[in-house]
Amino acid sequence: MSKLSLYNTRQHKVVPFIPLDSSHVRLYFCGPTVYDFLHIGNLRAMLTADILVRLLRVIYPKVTYVRNITDVDDKINARAERNHETIESLTQRTTADFHQDMETMNILPPDIEPRATQHIDAIQDLITKLIAHNHAYEAQGHVLFSVKSYPDYGSLSGRNPEDLIAGARVEVAPYKKDPGDFVLWKPSSPTEPGWDSPWGRGRPGWHIECSAMSHRYLGESFDIHGGGHDLLFPHHENETAQSMCCFPQGKFANIWVHNAMLLVNGEKMSKSLGNFFTIREILETTEAETLRLALLQAHYRSVLNFSKTSLKEAKQVLDRFYRAISIISDVDDATPDLPELFMEALCDDLNTPKALSVMHQLADQALKGDRMAALQLRKAGQQIGLLNHRSESWFQNVDNTQEIERLIAERLSAKKSKDFSKADAIRNQLAEQGIILEDNANGTTWRRA
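In this text the structure is predicted, and so the values were computed from the model without any measurement. (Residues numbered from 1 in each chain as written. Predicted model: local features only at pLDDT ≥ 70, side-chain atom pairs only at ≥ 80, totals over all residues. Heavy atoms only, no water.)

J.: Looking at this structure, I do not really get the pattern of salt bridges. What am I missing?
T.: Any two side chains of opposite charge can pair, on the condition that their charged atoms come close. According to the stated counting rule, one finds 21 salt bridges in the structure shown. Asp-349 is paired through a salt bridge with Arg-301; the nearest N and O atoms lie 2.8 Å apart. Taken together, the residues span a long stretch of sequence, with Asp-349 in the loop between helix 11 (340-347) and helix 12 (352-366) and Arg-301 in the loop between helix 9 (288-296) and strand 13 (304-306) at a distance of 48 residues. Asp-349 gets classed as buried once you look at its relative accessible area, which sits at 1%. (Salt bridge = Lys/Arg side-chain N within 4 Å of Asp/Glu carboxyl O. Helix = DSSP H or I, 4+ residues; strand = E, 2+ residues; numbered from the N terminus. Buried < 20%, exposed > 50% of the residue type's maximum accessible area, 1.4 Å probe, protein only.)

J.: How should I be thinking about the state of the cysteines in this particular structure?
T.: A covalent bond bridging the sulfur atoms of two cysteines is what the word disulfide describes. Applying the stated rule across the entire model yields zero disulfides. Left unpaired, Cys-210 is separated from the closest cysteine sulfur, that of Cys-30, by 4.1 Å. Residue class for Cys-210 comes out buried when judged on its relative accessible area of 1%. Unpaired in terms of disulfides, Cys-245 finds its nearest cysteine sulfur in Cys-246, a separation of 7.4 Å. By relative accessible area, which is 7% here, Cys-245 ends up buried. (Disulfide = S-S within 2.5 Å.)

J.: Any chance you could explain the pairing of strand 7 (residues 182-187) here in plain terms?
T.: Regular strands place their side chains on alternate faces of the sheet. Across three bridges, the pairing between strand 6 (residues 142-145) and strand 7 is antiparallel. Bridge pairing links Leu-144 to Val-183 in strand 7. (Pairing = 2+ DSSP bridges.)

J.: Looking at this structure, I do not really get the packing of helix 4 (residues 120-132) against helix 7 (residues 232-246). What am I missing?
T.: Axis separation between helix 4 and helix 7 bottoms out at 9 Å; the angle between their running directions is 70°. Judged by the inter-axis angle, helix 4 sits roughly perpendicular to helix 7. For the pair helix 4 and helix 7, the contacting residues are Leu-126, Lys-129 and Leu-130 in the first and Gln-242, Cys-245 and Cys-246 in the second. Its residues placed into classes, the contact of helix 4 with helix 7 shows four nonpolar, one polar and one charged. (Axes fitted to C-alpha atoms, helices over the stretch in contact; angles between N-to-C directions. Parallel < 35°, antiparallel > 145°, perpendicular 65-115°, else oblique. Contact = heavy atoms within 4.5 Å. Nonpolar A, V, L, I, M, F, W, Y, C, P; charged D, E, K, R; others polar.)

J.: Before we go on, may I ask you to explain the nonpolar core in this structure?
T.: One broad trend across soluble globular proteins is that nonpolar side chains are buried collectively. Judged by nonpolar contacts, the single largest core of 78 residues is most densely connected at Leu-56, Ile-224 and Phe-342. Looking at this core element by element, the count peaks at 10 residues for helix 1 (residues 40-59). Phe-342 has contacts with Ala-355, Val-358, Met-359, Ala-380, Gln-383 and Ile-384, leaving out every residue within four places of it along the chain. Among the nonpolar cores identified, the runner-up in size contains 38 residues, and Val-66, Phe-145, Val-147 and Leu-231 belong to it. (Core = buried A, V, L, I, M, F, W, Y, C linked by side-chain atoms within 4.5 Å.)

J.: Where do I start with the sheet that holds strand 9 (residues 221-228) in this structure?
T.: Spatial strand order, 4-3-9-10: four strands in an open sheet with parallel pairing. In the strand order of this sheet, the two ends are held by strand 4 (63-67) and strand 10 (252-259), each with one partner. This sheet shows a mean twist of 20° between the axes of neighbouring strands, independent of strand direction. In this sheet, strand 10 lies alongside strand 9 in parallel orientation, the contact comprising seven bridges. Counterpart to Ile-224 in the pairing with strand 10 is Ile-255. The sheet contacts of helix 6 (residues 206-218) involve strand 3 (25-29), strand 4, strand 9 and strand 10, and relative to strand 3 the element is tilted by about 160°.

J.: Mind showing me how you'd approach helix 16 (residues 420-432) here?
T.: Residue pairs three or four apart in sequence face the same way in an α-helix, which turns once every 3.6 residues. With 13 residues, helix 16 extends 18 Å between its outermost C-alpha atoms, agreeing within 8% with the 18 Å of an ideal straight helix rising 1.5 Å per residue. All of the buried residues along helix 16 are Ala-423, Ile-426 and Leu-430. One face of helix 16 carries all of its buried residues, which in axial projection span an arc of 60°. Exposed and facing more than 90 degrees away from the buried side of helix 16 are Ser-421 and Glu-432. One or two residues past the end of helix 16 sits Gly-434, with phi positive at roughly 85°. (Expected span 1.5 Å × (residues − 1). Arc of directions from axis to C-beta.)

J.: Looking at this structure, I do not really get the pairing of strand 10. What am I missing?
T.: Counting buried positions over the eight residues of strand 10 gives seven, a clear majority of the element. Running through helix 7, the crossover from strand 9 to the neighbouring parallel element strand 10 is right-handed. (Right-handed = clockwise from strand over helix to strand, strands pointing away.)

J.: Explanation requested: the packing of aromatic side chains in the structure shown.
T.: Centre distance and the angle of the planes are the two values used to describe a pair of aromatic rings. Per the stated rule, a full pass over the model turns up eight aromatic pairs. An aromatic cluster of three or more residues is present, and its members are Phe-222, Phe-252 and Trp-256. In this arrangement the basic side chain of Lys-177 is found over the ring face of Tyr-137, its NZ or CZ atom lying 4.4 Å from the centre. (Phe/Tyr/Trp six-rings, centres within 6.5 Å; stacked < 30°, edge-to-face > 60°. Lys NZ or Arg CZ within 6 Å of the ring centre and 35° of its normal.)

J.: Any chance you could explain the side chain of Ser-5 here in plain terms?
T.: In this fold, Ser-5 is placed in strand 1 (residues 5-8). Beyond its immediate chain neighbours, meaning those up to four positions away, Ser-5 contacts Val-14, Val-15, Pro-16, Phe-17, Cys-347, Asp-348 and Asp-349.

J.: Can you walk me through the packing of helix 4 against helix 6 in this structure?
T.: The relative placement of two packed helices is expressed as an angle between their axes plus a distance between the axes. At their nearest, the axes of helix 4 and helix 6 sit 9 Å apart, and the two run at 105° to each other. Our classification of the angle between helix 4 and helix 6 gives roughly perpendicular. Along its contact with helix 4, which presents Ala-122, Ile-123, Leu-126, Ile-127 and Leu-130, the element helix 6 presents Ile-208, Glu-209, Ser-211 and Ala-212.

J.: How do you make sense of the environment of Leu-350 when you look at a structure like this?
T.: On the secondary structure map, Leu-350 appears in the loop between helix 11 and helix 12. Put simply, Leu-350 and Gly-154 are 196 residues apart on the chain and 27 Å apart in space, counted from C-alpha to C-alpha. Apart from residues no more than four positions distant in its own chain, Leu-350 is found in contact with Leu-6, Thr-48, Ile-51, Leu-52, Leu-55, His-299, Tyr-300 and Ala-345.

J.: Even after reading the chapter, I still don't get helix 11, so can you show me in this structure?
T.: Residues of helix 11 that are buried include every one of Phe-342, Met-343, Ala-345, Leu-346 and Cys-347, and no others. The elements touched by buried residues of helix 11 are strand 1, helix 1, helix 12 and helix 13 (371-383). Immediately beyond the C-terminal end of helix 11, within one or two residues, lies Asp-349, with a positive phi of roughly 55°.

J.: Is there a simple way to explain the sheet that holds strand 6 in this structure?
T.: Spatially, the four strands line up as an open sheet ordered 5-6-7-8, and their pairing is antiparallel. Strand pairing shows two members of the sheet lacking a second neighbour, strand 5 (136-139) and strand 8 (202-204), which therefore form its edges. With direction set aside, neighbouring strand axes in the sheet form an average angle of 20°. Bridging between strand 5 and strand 6 involves four bridges; their strand directions are antiparallel. The residue bridging Glu-138 from the neighbouring strand is Val-143, located in strand 6. Along the sheet, helix 4 contacts strand 5, strand 6, strand 7 and strand 8; its crossing angle with strand 7, the most-contacted strand, is approximately 120°.

By themselves, these figures tell us nothing about what the structure is for.
Here is the structure:
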């Protein structure tokens, strides 16, 4: 089997993946802050993790995948106040929405999904440790991490602290010793969520939450940490600083994996531009597999330009793949190995465009009647979360099946009565809905356009 290589953000190059323990690979990806529906940019990060985890589970005997949920955050507080609902109600509802979206998109659940509010003790333990080792200090009810206490600060993102601070528009508060110092613990008002602590009633900062949860479930050193490139600074830089100062003998994350940003019609997503889309908004008119494939057609480290055209192209590719696997039965006993060239592509830093090109080659063979190629195509597709429908159901996957069948029967009756204008009108009506009719000796079949 091919050896896995990944681009390590810290080293700025693709490196061989050598697990700390080949019998047990451990990784942590940042999950959502639960206050609203996820948008398609969030989905790209979740999908990158999903492709990686699926691949690791093929190669290694045991994989522990941790993806957290941030359920205490100022954005959550603001949204709950705006909605006139409790924070608990908001986070429970939006967490359920998130889980539903992930299931719809065939994103496999993590092995462990810790929530920040369930790990306050662990968070406070790390803060106490940082204070004891002079990496943090108390100031006006806050506890702040001292950036200057960690000489390697900035090494992950490859820039000096001054540039990082200027670029991040860090809040300059009078109680900070240095403008770049960041919050580990902050005071809570009576209406804000809070917990008793040695520093007064308050709540944790965002960065310390992930350090505490990754340590709790993966230890001082683990194999891979990842997320969207937008998290590189300050979130992942700050995580690294905290964790390395708490556990200087550890590695924290051995390899960092970051996916590039997603553009919509060539521009950064923005509600003011009208190009901001949640997953659910896209799925109102698009199959989940189509959306998934549209994101996989670009390498995860390449900026992806998302558009209606990219969705249309993905739909056409899936139609071709489903036609190619239609020659095999849904319960075929044969279980071929994953195609070697397909695995080589995925092991080359998750090169999904190259993997898809291998699938196209298999489709070429399957469309000529090669049953083994069709089986391999389906196996490869399912490895990256695609081709999970029966071909017949894929081409008939619409909500109004009964209405379509009724119209087909009505058209047949019109043809028998030689009312061809009515029959043509029904065909055109269905065509406008994206339903293609195909007449043959056995009757009329239909499929999506």
